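# Remarks on the overall topology
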Amino acid sequence: MSWLASLGEALTIGGNNPVKAANPPRGECRQCWEHAHDSRRVHAHLAPGEDCPACVAHMGGRHPAHLIVT
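Fair warning: this is a prediction, and the values are worked out from it, not measured in the lab.

## Things to note about the overall build of the chain
Along the backbone of the chain there are five helices and zero strands. In the chain, the succession of α and β elements from N to C terminus is α-α-α-α-α. Counting over 70 residues, the chain shows a buried share of 24%. Restricting the contact set of the chain to residue pairs at least 6 apart, pairs at least 24 apart contribute 40%. For the chain, the accessible area works out to roughly 4,900 Å², and carbon and sulfur atoms hold 61% of it.

This is the structure:
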């Protein structure tokens, strides 16, 4: 990967890439992937410092099987 591609990837981590958010790779949780890659939109309803209940429910690998990409 070129340094420019690496920089682009780094800028979208924890960021806001709705295209990437909609296309999780195999083995990933669809909800967690969306929350990580389009976080501003998904978490817009939260107050500053407020935890996302959906994210908290999935912490520690507690992902429902139907949300895992096969």
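Back to the text.
## A look at the confidence of the model for the chain
Considering every residue of the chain, the mean pLDDT works out to 82; 79% of them sit at 70 or more. Predicted confidence in the chain is weakest over helix H1 (residues 3-12), with a mean pLDDT of 47, and strongest over helix H5 (residues 53-58), with 95.

## Description of the environment of Cys52
Within the fold, Cys52 resides in the loop between helix H4 (39-42) and H5. A sequence separation of 17 residues divides Cys52 from His35, and the C-alpha atoms of the two residues are 9.3 Å apart. Dropping the residues within four chain positions of it, Cys52 is found in contact with His35, His43 and Leu46.

What counts, and where the lines are drawn
- Residues numbered from 1 in each chain as written.
- Predicted model: local features only at pLDDT ≥ 70, side-chain atom pairs only at ≥ 80, totals over all residues.
- Heavy atoms only, no water.
- Helix = DSSP H or I, 4+ residues; strand = E, 2+ residues; numbered from the N terminus.
- Buried < 20%, exposed > 50% of the residue type's maximum accessible area, 1.4 Å probe, protein only.
- Contact = heavy atoms within 4.5 Å.
- Areas by Shrake-Rupley, 256 points an atom, 1.4 Å probe, with all protein chains shown as cover.
- pLDDT = per-residue confidence, 0-100.

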